[in-house]
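Okay, here's what each chain looks like letter by letter:
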Amino acid sequence: MNAVDRLNVLKTYKLYVGGKFPRSESGRVYEVTDSKGKWLANAPLSSRKDARDAVVAARKAFGGWSGATAYNRGQVLYRVAEMLEGRRDQFTREVADAEGLSKSKAAAVVDATIDRWVWYAGWTDKIAQVVGGGNPVAGPFFNLSSPEPTGVVTIVAPQESSFLGLVSVLAPVIATGNTAIVVASENSPLPALSLAEVLATSDVPGGVVNVLSGRTAEIATPLAAHQDVNAIDLAGADEVLAKELEIAAADNLKRVLRPQPVDYAETPGIDRLTAFLETKTVWHPTGSLGASGSSY
């Protein structure tokens, strides 16, 4: 058959919830276009029910993921980077379309994104030494502080930086043992939905990351108010929406990371790693040695 007679197989993008790829419960989709208004795909238009399903999946996955060793989480995240490297050309096309970049500039963004994922993978078994440790106390006690993951975290992904920005806010959340519900960029959700395919075919357990596409306010509002969501990152929310979500989040005292100007191309610090960590402090008697009563 002549190549010109062949019909292209158009990709069907789906949500990613609990390790599976459902269509939106509502059956709705919306058109995604490139920077010039050209149609790219129909993306699922998530509903409140999809958001609730994602919370259930994230909560179910939290025990296993937070209970894994930090070294194991690092190995899993590094595997994701390997898979991203293998699909570099696909993500270059999607980022170029989403952000109106030339192929060379999009390739540079994808390379930076993969490097960013590796960078956070390396922090999984180091962050505890940086923010935890032994505390000096007056008394015969060991006093040890160690970081613990906060729980289920909703991430309102950056709107403009559809891939590098997305990974810059997602990777630190799961690197520290939390599970995540990502509300993808409303206008440019395709890189996020493709990232879900990478997560599904790597070693990340189902439910650790859940990806929803659609109207940001429509999805994020019920997640901010959900009693089983422990924290929310408002990176991609505008000023008005961020205020509404922060008020909704206060009902169950969620941790809230407010939106702030960020250059995602710069090397990140550890602020996003520590943003969704709690500090657990344990006291333990040292005991005594010998008749003199000296302690260790």
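Bear in mind that the values here come from a model prediction, so they are computed numbers and not experimental data.

Q: Give me the lowdown on the overall build of the protein chain, citing residues and values where you can.
A: Scanning the protein chain for helices and strands turns up 10 helices and 10 strands. In terms of C-alpha radius of gyration, the protein chain reaches 21 Å, essentially the compact-globule figure of 19 Å for 296 residues. When the backbone C-alpha atoms are referred to their principal axes, the protein chain occupies close to 95 × 40 × 35 Å. When burial is assessed residue by residue, the protein chain has 48% of its 296 residues classed as buried. Sequence-distant contacts, at least 24 apart, represent 74% of the contacts inside the protein chain between residues at least 6 apart. Averaged over its 29 positive side-chain charges, the protein chain has a centre that lies 4 Å from the centre of its 32 negative ones.

Q: Any chance you could break down the packing of aromatic side chains for me, citing the residues and the numbers?
A: Each aromatic ring pair is summarised here by two numbers: the centre-to-centre distance and the angle between the ring planes. This structure, assessed with the given rule, holds four aromatic pairs. Judged by centre distance (5.0 Å) and plane angle (35 degrees), the rings of Tyr16 and Phe21 are tilted. Residue Tyr16 is classed as buried on the basis of its relative accessible area, which comes to 2%. The exposure class assigned to Phe21 is partly exposed, which follows from its relative accessible area of 32%. Ring pairs connect the aromatic residues Trp119, Tyr120 and Trp123, which therefore count as one cluster. Just above the ring of Phe62 sits the side chain of Arg59; from NZ or CZ to the centre is 5.8 Å.

Q: Explain the sheet that holds strand β3 (residues 133-134) to me, and be specific about the residues and the numbers.
A: The sheet built from three strands is open, its strands ordered β3-β4-β10 with antiparallel pairing. Each end of this open sheet is capped by a strand with a single partner; those strands are β3 and β10 (277-285). Both β3 and strand β4 (residues 141-149) contribute to a ladder of two bridges, which runs antiparallel. Considered in β4, the bridge of Gly133 is made with Ser145.

Q: Outline the nonpolar core, supporting the account with residue identities and numerical values.
A: Judged by nonpolar contacts, the single largest core of 62 residues is most densely connected at Trp117, Leu170, Ile174 and Leu195. The element best represented in this core is helix α6 (residues 164-175), accounting for nine residues. Every residue in contact with Leu170, bar those within four places of it in the chain, is listed here: Trp117, Ile155, Ala180, Val182, Leu195 and Val209. Grouped together as the second largest cluster of nonpolar side chains are 14 residues, Leu15, Ala58, Ile181 and Val229 included.

Q: Pulling in residues and values, what's your account of the sheet that holds strand β9 (residues 255-257)?
A: The strand order across the open sheet built from five strands is β7-β6-β5-β8-β9, with neighbouring strands paired in parallel fashion. Bordering the open sheet on either side are β7 (209-212) and β9, each of which pairs with just one other strand. The sheet shows a mean angle of 15 degrees between the axes of neighbouring strands, direction not considered. Pairing between strand β5 (residues 152-156) and strand β8 (residues 231-233): three bridges, direction parallel. Looking at β8, one finds that Ile155 is bridged to Asp233. Contacting β5, β6 (179-183), β7 and β8, α6 runs over the sheet at an angle of about 160 degrees to β6.

Q: I'd like a rundown of helix α8 (residues 216-225), residues and numbers included.
A: Taken together, the buried positions of α8 are Thr216, Ile219, Ala220, Pro222, Leu223 and Ala224. Of the surrounding secondary structure, the elements contacted by the buried residues of α8 are α1 (48-67), β5, β6, β7, β8 and α9 (239-249).

Q: Outline the pattern of salt bridges, supporting the account with residue identities and numerical values.
A: Where charged atoms from two side chains of opposite charge approach closely, those side chains can pair. Evaluation of the coordinates by the stated rule reveals 13 salt bridges. Two residues, Lys126 and Asp125, come together in a salt bridge whose shortest N-O distance is 3.2 Å. For Asp125, a relative accessible area of 32% translates into the label partly exposed. Several salt bridges converge on common partners, so that one network encompasses Lys11, Arg87 and Glu197.

Q: Could you give an account of the packing of α1 against α8, naming the residues involved and the relevant values?
A: Packed helix pairs are specified by the crossing angle of their axes together with the interaxial distance, meaning the distance between the axes. Between α1 and α8, the least distance of the axes is 9 Å, while the angle of their chain directions is 45 degrees. By the angle between their directions, the pair α1 and α8 is classed as oblique. Remark: the crossing between α1 and α8 carries right-handed chirality. Side by side, α1 and α8 meet where Arg48, Ala51 and Val55 of the first sit next to Glu218, Ile219, Pro222 and Leu223 of the second.

Q: Explain unusual backbone geometry to me, and be specific about the residues and the numbers.
A: Even without glycine at this site, Leu253 takes up a positive phi of about 55 degrees. Inspection of the secondary structure assignment puts Leu253 in the loop between α9 and β9.

Q: Describe the pairing of β6, and please don't skip the residues or the numbers.
A: Of all five residues in β6, five are buried; the element is thus mostly enclosed. Where burial is concerned, the two faces of β6 agree: the one with Thr179, Ile181 and Val183 and the one with Ala180 and Val182 are both buried. Where β5 lies against β6, five bridges are found, and the strand directions are parallel. Bridged to Thr154 within β6 is Ile181. Of the crossover connections in this fold, the one passing from β5 over α6 to the parallel β6 is right-handed. Across four bridges, β6 lies against β7 in parallel orientation. What sits directly across from Ala180, in β7, is Val209.

Analysis parameters
Residues numbered from 1 in each chain as written. Predicted model: local features only at pLDDT ≥ 70, side-chain atom pairs only at ≥ 80, totals over all residues. Heavy atoms only, no water. Helix = DSSP H or I, 4+ residues; strand = E, 2+ residues; numbered from the N terminus. Rg over C-alpha atoms; globule rule 2.2 N^0.38 Å. Buried < 20%, exposed > 50% of the residue type's maximum accessible area, 1.4 Å probe, protein only. Contact = heavy atoms within 4.5 Å. Lys, Arg positive; Asp, Glu negative; His and termini not counted. Charge placed at Lys NZ, Arg CZ, Asp CG, Glu CD. Phe/Tyr/Trp six-rings, centres within 6.5 Å; stacked < 30°, edge-to-face > 60°. Lys NZ or Arg CZ within 6 Å of the ring centre and 35° of its normal. Pairing = 2+ DSSP bridges. Core = buried A, V, L, I, M, F, W, Y, C linked by side-chain atoms within 4.5 Å. Axes fitted to C-alpha atoms, helices over the stretch in contact; angles between N-to-C directions. Salt bridge = Lys/Arg side-chain N within 4 Å of Asp/Glu carboxyl O. Parallel < 35°, antiparallel > 145°, perpendicular 65-115°, else oblique. Left-handed = near helix turned anticlockwise from the far one by under 90°. Right-handed = clockwise from strand over helix to strand, strands pointing away.

In short, the description is geometric, and any link to function would need to be established separately.
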